[in-house]
Amino acid sequence: MDKTILQDYIDACELIKETEKDIRRLNQKKKTVIQTNVKGSMSEFPYVEQHFKIQGTTFTVKDDNALRYEEQLLEQRKANAEQIKIQVEEWMLTLPSRMQRIVKYRYLEGLPWEKVALKLGRKATGESIRKEAERFLEKI
């Protein structure tokens, strides 16, 4: 594993959020129901006026198939991103605790080195933490 996998993790997390939003939008689109009232009468005497409510979707069967296919693609995209996320989380479990914290704060949360040093404590400086992370990532 190298540092690029951390960028993949961040992208995968964002992709999961975006895909879930797209799936919700798609499901909302499928649930859109149009309703209207119409009136009419029998064609024979006595002409009795009646009112009817008509409701349905605004898309055809072809549109419905396209929406279902798009939903499958979105679900697959989400599953792939979740797999990347799991791989990185499994990799992080193999790191020493201190390095897990550094990776989490710096690469996953995007904090600057100085703030990472503050969170780690022990009179660490941003520069010393940066060097420690670089040396560790070069070894793996």
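Report on the accompanying structure.

In this section: the nonpolar core. If you look at the biggest cluster of nonpolar residues, it comprises 22 residues, and the most contacted ones within it are Leu-6, Val-88, Trp-91, Leu-95, Ile-102, Val-103 and Ile-129. At the level of elements, α1 (3-31), α2 (61-93), α3 (97-108), α4 (113-120) and α5 (126-139) are the ones that each hand at least two residues to this core. At five residues, α3 tops the list of elements feeding residues into this core. The residues contacting Ile-129, other than those within four sequence positions of it, are Arg-98, Ile-102, Trp-113, Val-116, Ala-117, Leu-120 and Ala-124. Counting residues in hydrophobic clusters, the runner-up holds five residues, among them Leu-26, Phe-59, Leu-67 and Leu-74.

A word on the packing of α3 against α5. Close contact between α3 and α5 brings their axes to 11 Å; oriented N to C, the two are set at 110°. Here α5 runs roughly perpendicular to α3, going by the angle between their axes. The segment α3 lies against α5, with Arg-98, Met-99, Ile-102 and Tyr-107 engaging Ile-129, Glu-132, Ala-133, Phe-136 and Leu-137.

Below, the discussion takes up α4. Of all the residues in α4, the buried ones are Trp-113, Val-116, Ala-117 and Leu-120. Looking straight down α4, one finds that the buried residues subtend no more than 100° of arc, so they occupy a single side. Along α4, the residues that are exposed and aim more than 90 degrees away from the buried face are Glu-114 and Leu-118. Buried residues belonging to α4 abut α3 and α5. Downstream of α4 by one or two residues, Gly-121 has phi in the positive range, about 70°.

The next thing to look at is the side chain of Lys-78. Mapped onto the fold, Lys-78 is located in helix α2. When its relative accessible area of 18% is taken as the criterion, Lys-78 is described as buried. Each residue touching Lys-78, except ones within four places of it in the same chain, is listed here: Ile-16, Thr-19, Glu-20 and Ile-23.

We now examine the packing of aromatic side chains. All chains considered together, the criterion is met by one aromatic pair. With a centroid separation of 6.2 Å and an interplanar angle of 85°, the aromatic rings of Tyr-107 and Trp-113 are classed as edge-to-face.

Compared with an ideal rise of 1.5 Å per residue, which puts 14 residues at 20 Å, α5 spans 20 Å between its outermost C-alpha atoms and is within 8% of the ideal. Within the sequence span of α5, burial applies to Gly-126, Ile-129, Ala-133, Phe-136 and Leu-137. Down the axis, α5 shows its buried residues gathered within 100° of arc, on one side only. Exposed residues pointing more than 90 degrees away from the buried face of α5 are listed as Arg-135, Glu-138 and Lys-139.

By the element assignment, Glu-71 lies in helix α2. Accessibility expressed as a relative area gives 19% for Glu-71, which makes it buried. In this structure Glu-71 touches Leu-26, Asn-27 and Lys-30, once residues within four positions along its chain are discounted.

Basis of the calculations
Residues numbered from 1 in each chain as written. Predicted model: local features only at pLDDT ≥ 70, side-chain atom pairs only at ≥ 80, totals over all residues. Heavy atoms only, no water. Core = buried A, V, L, I, M, F, W, Y, C linked by side-chain atoms within 4.5 Å. Buried < 20%, exposed > 50% of the residue type's maximum accessible area, 1.4 Å probe, protein only. Helix = DSSP H or I, 4+ residues; strand = E, 2+ residues; numbered from the N terminus. Contact = heavy atoms within 4.5 Å. Axes fitted to C-alpha atoms, helices over the stretch in contact; angles between N-to-C directions. Parallel < 35°, antiparallel > 145°, perpendicular 65-115°, else oblique. Arc of directions from axis to C-beta. Phe/Tyr/Trp six-rings, centres within 6.5 Å; stacked < 30°, edge-to-face > 60°. Expected span 1.5 Å × (residues − 1).

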